[in-house]
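# Report on the structure
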Amino acid sequence: MSDWKWLGRTALIISVALSFAASASAQEDPHAKPAAVAKDDADATVEVPADETRTSEDSVTIGGEVVPYVVTTGTQPVWDADGKPVASMFYTYYRRSDIEDATTRPLVFSFNGGPGSASVWMHLAYTGPRLLKIDDEGYPVQPYGIQENPHSILDVADIIFIDPVNTGFSRILGKADREQFFGVNEDIAYLARWLGTFVTRQGRWTSPKYLIGESYGTTRVAGLAGALQGSQWMFLNGVVLVSPTGLGIDRDGPVGKALTLPYYAATAWFHGKLEKALQDKDLEEILPEVEAFTLDELLPAIARGGSLAKGDRERIDTAYARYSGLDVATVRQHNMAVPTSFFWKELLREEGLTVGRLDSRYRGLDRADSGTRPDFDPALSAWNHAFSPAINHYLRDVLEYDTDLQYWLFGPVHPWNRDGDRTGRTLQHAMAQNPYLHVLVQSGYYDGGTDYFNAKYTMWNMDPSGRFQDRMTWKGYRSGHMMYLRRPDLKAANDDIRAFIKRTMPTPGTPAKR
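Quantities reported herein were computed from a predicted structural model and do not represent experimental measurements. (Residues numbered from 1 in each chain as written. Predicted model: local features only at pLDDT ≥ 70, side-chain atom pairs only at ≥ 80, totals over all residues. Heavy atoms only, no water.)

## Describing the packing of aromatic side chains
- For the structure shown, the criterion picks out 30 aromatic pairs.
- Linked through ring pairs, F181, F182, Y190, Y216 and W416 together constitute an aromatic cluster.
- The aromatic ring of W408 is capped on one face by R171, whose charged end is 3.5 Å from the ring centroid.
- A cation sits over an aromatic face here: K456 above W474, 4.4 Å from the ring centre. (Phe/Tyr/Trp six-rings, centres within 6.5 Å; stacked < 30°, edge-to-face > 60°. Lys NZ or Arg CZ within 6 Å of the ring centre and 35° of its normal.)

Written out as structure tokens, the structure reads:
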């Protein structure tokens, strides 16, 4: 299976190393505040509150406008079929405080991915009112800390950042069965119930609602769009897919082997590895040419396999090498299907460098130049460096959320049941049932984990009849998996979400019909 599909590989390695075990029992009295005891990494007992909140007030300046808000940090339980709390889920909820009537005020539910990743990434680097301190290209700087986010979407929508079970401060309670949480469809089922409860508690049933997910979070929110309609009778206005997965849309065989070439071309262009005729062009001039070659020539050539005529094979090999920045011999050795892991190792091998997986602008140093894959992803290493101190400082010191729990950037959620991933079909079905529902896809050109051309393919084949393309929008950015880490794209990507929200809120009284 190609590397781009395994979004959780790095998270899996980390989470296996963090194999913490929740233990002890939950409160038995159904009228008492439920709690449990877990063990953190220091092996000290820590109380896990299942249902509590803390509220404070602040403001942020967005586009020259001062936006006051109330921020609530807290936990809300996940209940089993018998009404017993089985997990405590942590969230941070931002509500603009100078708007009294929430009837037409949009509400955005935000999830990151992994699976096993906390919500910290989009919380402190994308749509929230506070940003971690990084440079304009996303590299960590010291002293660590936070600052205002002048591009936050809080001016147009309230936002809740949600940590699924065993991420962030969220924990399983007592001896609850792990298998009910950790799988494609298990995850969607309990989160749909949790969101229904949250909306009821906050009195937001009349608000226009949006889901935003990043990476594996796109699998989550695509499935939730259908689950919320089917089990909670909650209909959405929009779903934002940031660096989407394949959403269960088939692409094995020649398709999967061919689709990465446009990403290779973008990365080679960034590092100055293309021939002068291509290098002198702008990136967005080159990519349509590479995309057309990929669909019209490369894919059929790979499908022909050994039957491809020698002259045609040589022509395709040469073109592939021209667009990827690799030499022809390397392309030929891989039968026109260079694995992503090899590409990350090979492109800058002569310079003694590797390129990042999640953002191929980043460069890494391996122990040896030989080999077929990098030792590590320099992009993820840089991000962990910056995000961990920022989220702990913000939640504990600024928002004063008091807990001795460790904030799990990547939590122990494996094994993860990947069976039955039909989330792309589920999202398409939800769009068929709900004429209000629109989709925005955001991709970074230099993302090698969930590359931009695979995202386009997912859009096209999620809707093979072409009946919903007018409700689906794709946007590309000159950065990687977390495109918002690059300062110009932070503004552009938030502006795109802001415009999407405004565009998908129908005029009052507009009926939901085709």
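## Let's talk about the packing of helix α4 (residues 216-231) against helix α13 (residues 423-433)
- Between α4 and α13, the shortest axis-to-axis distance is 8 Å and the interhelical angle comes to 40°. Considered as vectors, α4 and α13 are oriented oblique to each other. Of the two possible hands of crossing, α4 and α13 adopt the one that is left-handed. Residue-level contacts link T219, A222, G223, A225, G226 and Q229 of α4 to T423, T426, L427, A430 and Q433 of α13.
- Within the contact of α4 with α13, the residues separate by chemical class into 4 nonpolar, 7 polar and no charged. (Axes fitted to C-alpha atoms, helices over the stretch in contact; angles between N-to-C directions. Helix = DSSP H or I, 4+ residues; strand = E, 2+ residues; numbered from the N terminus. Parallel < 35°, antiparallel > 145°, perpendicular 65-115°, else oblique. Left-handed = near helix turned anticlockwise from the far one by under 90°. Contact = heavy atoms within 4.5 Å. Nonpolar A, V, L, I, M, F, W, Y, C, P; charged D, E, K, R; others polar.)

## Describing the environment of F182
- Of note, F182 is situated in the loop between β10 (171-172) and α3 (184-202).
- Along the sequence, F182 and D250 sit 68 residues apart, while their C-alpha atoms lie 22 Å from each other.
- If sequence neighbours within four positions are ignored, F182 has contacts with V165, N166, I172, P412, V413, P415, W416 and N417.

## Description of the side chain of H123
- Counting through the fold element by element, H123 comes out in helix α2 (residues 120-125).
- Here the side chain of H123 touches Y94 through a polar contact of 2.7 Å, side chain to side chain.
- The residues contacting H123, other than those within four sequence positions of it, are T92, Y94, G128, R130, F161, I391 and Y394. (Polar contact = N/O pair within 3.5 Å; in protein donor to acceptor, adjacent residues only side chain to side chain.)

## Some details on the pattern of salt bridges
- Following the criterion strictly, the structure yields 28 salt bridges and no others.
- Residue D51 is joined to R201 by a salt bridge in which the shortest nitrogen-to-oxygen separation is 2.9 Å. With D51 in the loop between β2 (45-49) and β3 (52-62) and R201 in helix α3, this residue pair connects regions lying 150 residues apart in the sequence.
- By relative accessible area, R201 is classed as partly exposed at 42%.
- As a salt-bridge pair, R315 and E297 come within 2.5 Å of each other at their nearest N and O atoms. With R315 in helix α9 (residues 310-324) and E297 in helix α8 (residues 283-304), the pair connects residues that are 18 residues apart, well separated along the chain.
- Relative accessible area serves as the criterion here: at 42%, R315 is assigned to the partly exposed category.
- What makes E297 partly exposed here is its relative accessible area of 32%.
- When salt bridges that share partners are traced, they join E137, D359, R361, R486 and D489 into one network. (Salt bridge = Lys/Arg side-chain N within 4 Å of Asp/Glu carboxyl O. Buried < 20%, exposed > 50% of the residue type's maximum accessible area, 1.4 Å probe, protein only.)

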